[in-house]
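Next come the chains, spelled out residue by residue.
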Amino acid sequence: MKVTLESSDGQVFTVDKEVAELSVIIKEMLVIEQANQDHPIPLLNVGAVELAKVIEYCEHHRNDPTIDDDEDYDSRKKPIEMDDWDKQFTIVNKEMMFELILAANSMQVKPLLHLGCRYAADIVKRMSPTEIRDLFQIDDDFTPEEQDKIEWEKQWTKL
Amino acid sequence: MLEVPEIDEMICKELSHHNLAQCARVCKKWHRSAIPHLWHTLIIPTKHQEDEIYEHQESLRNMALEDYLYEQQLHLPSEGMKPQLSPFMPPLAKYGHWIRQLPQPAVLMHELEPPIVFSQPLEMPDPEITTAELLRHVYKRCSNLQVHSLDVTEYYPFGDISKTIAEFLLPTVRILSLHISDPWYLKYLLNHCTDTLVELSLRVNIIYDATRNDKKDQQLQQESKTLESLKKLTLEKAYDDSESKSFWPWLFERCSHVERLEVVHLGQIHQILADNMLTYMPNVNEIRFGKDQHEDYILYDKDVATLLSGSRQGWKVVEFKQNIILIFGHVAQEALTKHFPTLEKLILDDRHDFWGYDLAPILLSSPNLHSLTAFAIDSLSLCSLKTWPYETTLRVLKIRIVDIPRPDLRDYEILILRTLRVVS
């Protein structure tokens, strides 16, 4: 069975139902709107470029066993396996990846969300605060007094 | 970081303590995201970092002291008496509520003790506070601790510490291990456990009666309440040389929901345990003798029999770990035979002195048996067992056979083939 999805900028994608159902949101929508399947499902927060990429991911992972709803998922305890395909998949620029994380979050594609978060964490690792600020174009908005406080707290946080 | 709280949370979970400390210094938003994760677990450095150990040790102690003084200062009346402190709110006061996990109390105590050598002069005034009081202060600040498992040993000064543990840790503990021999403290601590307690493990060596403190003891006796969620009781060491042996009825009365009992080293209290199990533990139906990776010890025939007689509804699971040198005679065998009707799982790990116990009676009279692990010397008896009435209920059959006589190999093949069918 096919399902049609519409991106925020009006592009329509047709995919297999089981592929679309990797998104928890779409799965729930399909249950509610069973009778009304001729209309495409609107995804108001996801642009066409990102949606295409999400679909590409879901196509590849269509047969993966579903992860249990992991309320307290903690990667420190059980790292998710990342295969070669996933590694290839994440070779995109970081803006694209962050858009993808947001898309995965709004569509609730859990494995992609985990993958993206690990990617984001890998970027941040091995970087100093200054380097992070440059990369993300963040302003250092600490007041001098707050800076002092952080310097002072630093002695405890390295515990 | 991406300004969606759920996503930031997931990213933070991928980061190490060091990474998080870096992130917290990027900007205000990142600081807010990273702080809860940075303080989630208080890590004590491991011993191999010896050069830094003093620094770290003082660091944790200083953090607690700083915080303690800060709190004292709030209550001091006059300006002139206030000690000279940093103008900032100490981290424990500020972030203590984020801390979910702390090291075991014994480790924490060690870290909070005054250093033997001061590597650098203290910047703050040295307050008169005992280590036990400091420990209490730390726990008080960590108002949202999630105590998963807790080990309590009897260290000095135990009176103050036990009160702290009872107040701050026991109300949420799930797995509790007590290595205490004073029955009064045992009762005191167990009285403060709640319905969160699922597993209890004891290492006790009671040498006197708990009656030395009559008034207090009576009070403890009256506060009788069942530990509703307690399902597993482990007696790693249970010696009792007291005359009354009154601790065990007191304990078992509270363990009325226990289903699984694990015993390792028991003094001569098997009969008392069995009697109390019959009286107070109607649901107990799993028993394990011995423990993984433990030194060998000898288990006597009649003691096994005595403990096996303690289940009111019959044992479903009976396990003997492999480090037991079982002197398993006909008394224990007979006691086990009585439980064949209820038996679902029997594990006799290898190297037991299982002396060619004929497995046929077990297979023939246990209609509910789905798992059997055993060690058969008298392998011929097995071969004679071509069929048995309950073979369809059996799911797992592991038998280590010693000394297969070659001419009989064919019979073994038949047995193994049939077993495979059963397992599949």
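Residues numbered from 1 in each chain as written. Chains lettered and ligands numbered in written order. Predicted model: local features only at pLDDT ≥ 70, side-chain atom pairs only at ≥ 80, totals over all residues. Heavy atoms only, no water.

Turning our attention to the sheet that holds strand E1 (residues 2–6) of chain A. Residue and element names in this part refer to chain A. Spatially, E2-E1-E3 is the arrangement adopted by the 3 strands of the open sheet, whose pairing is mixed. One side of each edge strand has no neighbouring strand; the edge strands of this open sheet are strand E2 (12–16) and strand E3 (41–42). As paired strands, E1 and E3 are joined by 2 bridges and run parallel to one another. By the bridge assignment for E3, Glu6 is matched with Pro42. (Pairing = 2+ DSSP bridges. Helix = DSSP H or I, 4+ residues; strand = E, 2+ residues; numbered from the N terminus.)

When you line up the elements, B:Ser33 lands in helix H3 (residues 28–38). Polar side-chain contacts of B:Ser33 include one of 3.4 Å to the side chain of B:Asp8. (Polar contact = N/O pair within 3.5 Å; in protein donor to acceptor, adjacent residues only side chain to side chain.)

The subject of this paragraph is the interface of chain B and chain A. How big an interface is tends to be expressed through the accessible area that disappears when the partners come together. Taken together, the contact pairs 38 residues of chain B with 43 residues of chain A. A combined buried area of about 3,700 Å² lies between chain B and chain A, and 66% of that area is made up of carbon and sulfur atoms. Sorting the residues of chain B by area buried against chain A places B:Glu14, B:Arg25 and B:Phe88 first, and these three jointly supply 20% of that buried surface. Across the chain B-chain A interface, the total number found is 2 salt bridges. A:Glu146 is the salt-bridge partner of B:Lys28, the closest N and O atoms lying 3.7 Å from each other. Run the count over chain B and chain A and you get 3 residue pairs in polar contact (both at pLDDT 80 or more). Secondary-structure elements contributing two or more residues to the side of chain B that touches chain A are helix H1 (5–13), helix H2 (17–23), H3, helix H4 (50–75) and helix H5 (91–95) of chain B. In terms of residue count, the dominant contributor to the side of chain B that touches chain A is H4(B) (7 residues). (Contact = heavy atoms within 4.5 Å. Buried area = accessible area lost by both parts, 1.4 Å probe. Salt bridge = Lys/Arg side-chain N within 4 Å of Asp/Glu carboxyl O.)

Those places that UniProt annotates as "domain: F-box" (unreviewed entry) correspond, in this numbering, to residues 10–43 of chain B. Secondary structure across residues 10–43 of chain B comprises 65% helix and 0% strand; the distance between its end C-alpha atoms is 21 Å. (UniProt positions renumbered as here; feature names shortened; annotations may be inferred.)

Looking at chain A as a whole, its pLDDT mean stands at 79, while 83% of the residues score no less than 70. Within chain A, helix H8 (residues 144–157) of chain A has the poorest average pLDDT of any element, 78, and helix H3 (residues 48–60) of chain A the best, 88. (pLDDT = per-residue confidence, 0-100.)

With that settled, the discussion passes to the packing of helix H6 (residues 110–124) of chain A against H1(B). Across the interface, H6(A) lies against H1(B) with an axial gap of 8 Å and an inter-helix angle of 60°. Put simply, H6(A) runs oblique to H1(B). The two elements H6(A) and H1(B) cross, and the hand of that crossing is right-handed. Between H6(A) and H1(B), the residues in contact are A:Leu113, A:His114, A:Cys117, A:Ala120 and A:Ala121 and B:Ile7, B:Met10 and B:Ile11, respectively. (Axes fitted to C-alpha atoms, helices over the stretch in contact; angles between N-to-C directions. Parallel < 35°, antiparallel > 145°, perpendicular 65-115°, else oblique. Left-handed = near helix turned anticlockwise from the far one by under 90°.)

Turning to the side chain of B:Ser311, a few remarks are in order. Residue and element names in this part refer to chain B. Considering the arrangement of structural elements, one finds Ser311 in the loop between helix H13 (301–308) and strand E8 (317–320). When its relative accessible area of 8% is taken as the criterion, Ser311 is described as buried. Separated by 3.1 Å, the side chain of Ser311 and the backbone nitrogen of Gly314 make a polar contact. With sequence-adjacent residues up to four places away left out, Ser311 is seen in contact with Leu278, Val284, Asn285 and His339. (Buried < 20%, exposed > 50% of the residue type's maximum accessible area, 1.4 Å probe, protein only.)

On to the pattern of salt bridges, then. All names here are of chain B. What the rule picks out here adds up to 22 salt bridges over all chains. Residue Lys140 is joined to Glu71 by a salt bridge in which the shortest nitrogen-to-oxygen separation is 3.0 Å. Here Glu71 lies in helix H4 and Lys140 lies in helix H7 (residues 131–141), a separation of 69 residues in the sequence. What makes Lys140 partly exposed here is its relative accessible area of 39%. Glu262 serves as the salt-bridge partner of Arg260, at 2.8 Å between the closest nitrogen and oxygen. Glu262 shares its class with Arg260; the two are buried.

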